[in-house]
Amino acid sequence: MAPVVRFAPSPTGYLHIGNARTALFNALFALAQGGTFWLRLDDTDAARSTPEFAAAIAQDLDWLGIPPDRAVRQSDRVALYDAAAERLKAAGRLYPAYETPEELERRRRRQLGRGLPPVYDRAALRLTPEERAALEAEGRRPHWRFRLDPGAVEWGDLVRGACHVEAESLSDPVLVRADGSYLYTLPSVVDDAEMGITHVIRGEDHVTNTAVQIQIFSALGAPVPEFAHHNLITTASGEGLSKRLGHLSLRGLREADYEPLAVAALATLTGSAEAVRPVADLGELAGLLDLAHVSRAPAKFDTHDLDQLNARLVHAMPYGAAAGRLAELGVPHEAGEAFWTAVRANLTRVAEAGPWWGVVQGPVTPVIADAAFAARAAALLPPEPWDAGTWKAWGEAVKAETGLKGRALFLPLRLALTGLDHGPDLAGLLPLIGRARSLRRLAGESA
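Residues numbered from 1 in each chain as written. Predicted model: local features only at pLDDT ≥ 70, side-chain atom pairs only at ≥ 80, totals over all residues. Heavy atoms only, no water.

> Which parts of the structure should I look at to understand unusual backbone geometry?
What you tend to see is this: most non-glycine residues have negative phi, and most peptide bonds are trans. For the bond running from Gly362 to Pro363, omega is 0°, close enough to zero to count as cis. Its location among the elements puts Pro363 in the loop between helix 14 (353-361) and helix 15 (371-379). The omega torsion across Glu384 and Pro385 is 10°, close enough to zero to call that bond cis. Relative to the assigned elements, Pro385 resides in the loop between helix 15 and helix 16 (390-402). For Arg122, which is not a glycine, the phi torsion comes out positive at approximately 60°. Within the element layout of this structure, Arg122 appears in the loop between helix 4 (101-113) and helix 5 (129-137). Arg122 sits in the partly exposed class, given a relative accessible area of 27%. One non-glycine residue with positive phi stands out, namely Asp257, at about 70°. Within the element layout of this structure, Asp257 appears in the loop between helix 8 (250-255) and helix 9 (260-269). Residue classification places Asp257 among the buried residues on the basis of a relative accessible area of 15%. (Helix = DSSP H or I, 4+ residues; strand = E, 2+ residues; numbered from the N terminus. Buried < 20%, exposed > 50% of the residue type's maximum accessible area, 1.4 Å probe, protein only.)

Structure representation (structure tokens):
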């Protein structure tokens, strides 16, 4: 059966590269096996979820090249969660509890002080109907806890291998707040069941949720999906990522003109057995993703590595892939391919081509250290039309005339023609600069 997977972010901030790793793992897993990739916006936190962040998530996924096959919002599905909660209550698996946060904290401290694990003691299950009525008469409204069955909960994790959790080591989780709103756990399970999710691929920070969710699936009579908990991405310094703090946001990486395929390759391959390298497309990247070969250690995302990977993609990028962005930088179509071929090997990002078009078009303030040498070189400029061989032929002529060679010959010519001591091979740039501008620059004029 073809897999059905989902990426389920909360629209409470911009996606960062760690979120992208989870999205990519799911989308590429589906792509490799002909499956379906869902986007589910976990937007039940009405106070923090915004339409702007929801729109930004869709834009980021489109930019990465992994738009979802289908999309839903949890805020549209509350009736499903209400029905599931009622079923769990009727089965005796969801029970009311009345403790305040302060009471629970005092109880937790007492347990820790006695050397006991701070697990909820199920005091609410021992309340009589009269005691519950008295608490509600005081104005207390219950929150609702899921009663865990005792014993080991086991699953075969596609990343971590055989896993198990002793249910007795966990507190019965709160699924419904006193105000009737839902915490993450129940809506996630209900949606996964209703959407037919076959594989839950997510960060290892969710491992502790899995045993609880498996029991809820079973209590609702729903099939339990397979689970895969991948390692998390940190900054190069080992710091955890945060949407709130804007660490390595996809929006920021896009605005910095990184290639989406470079971002996708590094986010997917770092922290795995596969070497980080450029890929031709997402299909190739999907073929490299093997959940069983994902490391258990944190994966560090270093922008220096991203720069190198991005440069390798740019150096190999055909003109057709860059043409639109070059046009936005002011490069005319008739010069575009020749210009791109001349400069791309000197770029880390496509946007860096803009200043080099400025060098071609001018005005450039030439750097003339020896006016006599520049004048002799100008006199030897061949007539147009020029091509890729003009630079070499002209250099040979100037060398024969002056006796100079190597850096002593070519650096003064570069400084005069571009005003810079570095840059793309002038064999490609010189025909674009043209004879008229070259003569003026060799004469010391800004052109």
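> What should I look at first to understand the nonpolar core in this one?
Soluble globular proteins tend to bury their nonpolar side chains together. Ranked by size, the top nonpolar core spans 51 residues in total, and within it Ile17, Leu64, Ile66 and Val263 carry the most contacts. No other element matches the nine residues that helix 1 (residues 17-33) contributes to this core. In contact with Ile66, not counting residues within four places along its chain, are Ala23, Leu24, Ala27, Phe37, Leu61 and Leu282. In this structure, Met317, Ala374, Trp391 and Leu430 belong to the second largest nonpolar core, which totals 38 residues. (Core = buried A, V, L, I, M, F, W, Y, C linked by side-chain atoms within 4.5 Å. Contact = heavy atoms within 4.5 Å.)

> Explain the pattern of salt bridges to me, please; I cannot follow it from the model alone.
Side-chain pairs of opposite charge can arise where the charged atoms are in close proximity. Taken as a whole and judged by the stated rule, the model has 25 salt bridges. Ionic pairing is found between Asp42 and Arg40, a salt bridge with its closest N-O pair at 3.2 Å. Here the salt bridges do not stand alone but share partners, grouping Arg6, Arg40, Asp42, Arg77, Asp191, Asp192 and Glu194 into one network. (Salt bridge = Lys/Arg side-chain N within 4 Å of Asp/Glu carboxyl O.)

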